Amino acid sequence: MAVQEKLYTAEEFYEYAQLPENADRRLELIEGVIHEMPPASPKHTVIAVRIAASLLQHVDRHNLGYVTGADGGFQLGPREVRAPDCAFISSARLPELPEKLFPIAPDLAVEVISPSERLRQILDKVNTYLQAGTRLVWVVYPDEKVIDVWQPGEGGGMRVRTLKAGDTLDGGEVLPGFVLKVSEVFGRIGES
Amino acid sequence: MAVQEKLYTADDLWELSHRPENSGKRLVLIDGVIYEMSPPGWLHGAIAMELGRLIANHVAEHRLGLVTAAETCYTLAPGTTLAPDVGFVAAARVPEQLPGGYVPFAPDFAVEIVSPGNTAAEMHSKIEQYIRHGTRLVWVVYPEKKHIAVYRPASGHRATVEFIGADGSLDGGEVLPDFALKVSEAFK
C-alpha cells in the first residue's frame, strides 16, 4: 500500500522510517514511493525463520558474513530500499556493518510470497535485486510448496529454476556447500 | 502513462478510441486504467513485422489458427484490453465469422517488443495480465539487448521465464507445435 505520493530518496526514507511514530512499521521504498508491509502470516514467518536459521548456521560456521531478518533495509538504488524476508551479505563485500541502511544489495535475498502478491510485483522485486547486484534470489511459495531460484542470466536477463518437494536448495557460488532440503522448509506448516 | 483515473471497461475503451479526437491513438486498458502507447519506431515495427511473418507462415502452413498484427486488441478481462505486437489464437477458438470488435479473450501466444521508453514494471504488468488470463506463451523481445524472454504459466499464478540470447533459438512448444526460430532471425 502506498503511504505517501511524494518521491523519496533513500536518505529521506531512512529519516522517515526513524520517526518515533514509524518505529514499528515495516516499510520499503519502491521507485521513490514508501510502501508499508502488513504483518506476515504465521506460515510466512515460520518459513522465513527456518531458512534464516539454516543460513546463519552455515554462514557463522564458515565465518562468511551476515544473515539479516525481515526488518533489514538494503539500498538497491537512489530511490529503492527493499527489506527481504531474509538475506545474506558476505563480509568480503561488506567488511563492517553500517550504521543506517545496508548501502549495497545482498548477495542472496529470500522472499516468501504472500497470497495477495501479484506476479508483476514478484518479477519487479527479483529484477530489482538482480539489477542491483544480488546473485541469487530465492522466491518461496508457502501454498504451492515450491521455491523459484532466480539468478542473473546472460546479457542482463534473468533465469529461474523451480524446486519442489524432494529437491534440495543449494547455495551455488554464493554460499558453496550450503544445502537445505525443500521438504525441511515446508515441513509441518499444514496444507494450503 | 495513465491517461485517466476512473476505472474503465473494454466497452468504454472501444467507445473512447473511436472518438474522432482519439483517432490514431494507441490505447490499452490494464485493470481499468487506460494507457496510451507511444507509436513504435522503425526497429520496433520491423521486428514486429518479421516475427509476425515467420509466425504467420508457420500457422498458415499447419492450419494452427489465426495470427493478428500489432494494434489488434484482446480483452483479457473486463478491465484489461491489450494489443500485443503479434498475437495468436489457436484454431479451436477462432469463430467462423470474426467479430468487428476486440478479440473477446486472451491470445494463446503474445509477442511484446520492448520500446526504449518501456520500464521493466510496465512489461511485468503486461506479462502478469497475459499469464493470469490464460495466455500460454509470452515472448518479450528486447531489440537493444538482442535477447528474447520466454514466459510460460506455472502453478499458482507463477510464471517461468527463460532469456534466450542472440545465438540461441526458440520453439513454439505446445502452443505452436514444430515452430522453431533462431533469435538472430528476429533481429536481422
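Scoring rules and cut-offs
Residues numbered from 1 in each chain as written. Chains lettered and ligands numbered in written order. Predicted model: local features only at pLDDT ≥ 70, side-chain atom pairs only at ≥ 80, totals over all residues. Heavy atoms only, no water. Helix = DSSP H or I, 4+ residues; strand = E, 2+ residues; numbered from the N terminus. Rg over C-alpha atoms; globule rule 2.2 N^0.38 Å. Contact = heavy atoms within 4.5 Å. Lys, Arg positive; Asp, Glu negative; His and termini not counted. Charge placed at Lys NZ, Arg CZ, Asp CG, Glu CD. Buried < 20%, exposed > 50% of the residue type's maximum accessible area, 1.4 Å probe, protein only. Areas by Shrake-Rupley, 256 points an atom, 1.4 Å probe, with all protein chains shown as cover. Phe/Tyr/Trp six-rings, centres within 6.5 Å; stacked < 30°, edge-to-face > 60°. Lys NZ or Arg CZ within 6 Å of the ring centre and 35° of its normal. Pairing = 2+ DSSP bridges. Axes fitted to C-alpha atoms, helices over the stretch in contact; angles between N-to-C directions. Salt bridge = Lys/Arg side-chain N within 4 Å of Asp/Glu carboxyl O. Parallel < 35°, antiparallel > 145°, perpendicular 65-115°, else oblique. Left-handed = near helix turned anticlockwise from the far one by under 90°.

Asks: Which residues make up the overall build of chain B, and what are the values?
Replies: For chain B, the helix and strand inventory stands at four helices and 12 strands. Since a compact globule built from 188 residues should have a radius of gyration of about 16 Å, the 16 Å found for chain B is in line with a globular shape. Considering only contacts in chain B between residues 6 or more positions apart, those separated by 24 or more positions represent 55%. Here chain B carries 16 positive and 23 negative side-chain charges, and the mean point of each set is 2 Å from the other.

Asks: Give a detailed account of the overall build of chain A, specifying residues and quantitative values.
Replies: If you tally the helices and strands in chain A, you get four helices and 12 strands. Across the 192 residues of chain A, 47% fall into the buried class. With an accessible surface of roughly 9,500 Å², chain A has 52% of that area assigned to carbon and sulfur atoms. Here chain A contributes 20 positive and 28 negative side-chain charges, whose respective centroids are spaced 5 Å apart.

Asks: Describe the packing of aromatic side chains, naming the residues involved and giving the relevant values.
Replies: What the rule picks out here adds up to seven aromatic pairs over all chains. Geometrically, the ring pair formed by Tyr8 of chain A and Tyr16 of chain A is tilted, given 5.8 Å between the ring centres and 55 degrees between the ring planes. Residue classification places Tyr8 of chain A among the buried residues on the basis of a relative accessible area of 8%. Ring geometry for Trp138 of chain A versus Phe178 of chain A: centroids 5.9 Å apart, planes at 25 degrees, classification stacked. Of this pair, Trp138 of chain A sits in strand β8 (residues 136–141) while Phe178 of chain A sits in the loop between β11 (168–170) and β12 (179–181); the two residues are 40 residues apart in sequence, bridging distant segments of the chain. Overall, the relative accessible area of 0% leaves Trp138 of chain A in the buried class. Overall, the relative accessible area of 2% leaves Phe178 of chain A in the buried class. In this structure an aromatic cluster arises from ring pairing among Phe109, Trp139 and Phe179 of chain B. Here the guanidinium or amino end of Lys6 of chain A rests over the ring plane of Tyr8 of chain A, the centre of that ring lying 4.6 Å away. The cationic tip of Arg93 of chain B hangs over the ring face of Phe105 of chain B; the distance from NZ or CZ to the ring centre is 4.2 Å.

Asks: I'd love a proper account of the sheet that holds strand β9 (residues 146–152) of chain A, names of residues and values included.
Replies: All names here are of chain A. Ordered in space as β3-β6-β7-β8-β9-β10, the six strands form an open sheet in which the pairing is mixed. The strands lining the two open edges of the sheet, one partner per strand, are β3 (65–68) and β10 (158–163). Shown here is a sheet whose adjacent strand axes are inclined to one another by a mean of 15 degrees, direction ignored.

Asks: I'd like a description of the pattern of salt bridges, backed by residues and values.
Replies: Taken as a whole and judged by the stated rule, the model has 22 salt bridges over all chains. Between Asp143 of chain A and Lys43 of chain A there is a salt bridge; the shortest N-O distance is 3.0 Å. Of this pair, Asp143 of chain A sits in the loop between β8 and β9 while Lys43 of chain A sits in helix α2 (residues 42–61); the two residues are 100 residues apart in sequence, bridging distant segments of the chain. Judged by relative accessible area, Asp143 of chain A falls into the partly exposed class, the value being 32%. Between Glu71 of chain B and Arg26 of chain B there is a salt bridge, with its nearest N and O atoms 3.4 Å apart. Linking Glu71 of chain B in the loop between β3 (65–68) and β4 (74–77) with Arg26 of chain B in strand β1 (residues 26–30), this pair joins segments that are 45 residues apart in sequence. Residues participating in the shared-partner salt-bridge network are Arg118 and Arg120 of chain A together with Asp31, Glu128 and Arg132 of chain B.

Asks: Could you give an account of unusual backbone geometry, naming the residues involved and the relevant values?
Replies: The residue Asn63 of chain A is not glycine, and still its phi comes out positive at about 55 degrees. Classification of Asn63 of chain A as exposed rests on a relative accessible area of 66%.

Asks: Let's hear about the packing of helix α3 (residues 119–132) of chain A against helix α3 (residues 120–132) of chain B: which residues, and what values?
Replies: At a closest axis distance of 8 Å, the pairing of α3 of chain A and α3 of chain B adopts a crossing angle of 140 degrees. In terms of orientation, α3 of chain A and α3 of chain B fall into the oblique class. In this structure, α3 of chain A crosses over α3 of chain B, and the sense of that crossing is right-handed. Contact residues: α3 of chain A offers Leu119, Arg120, Leu123, Asp124 and Asn127 of chain A, while α3 of chain B offers Ala120, Ala121, His124, Ser125, Ile127, Glu128 and Ile131 of chain B.

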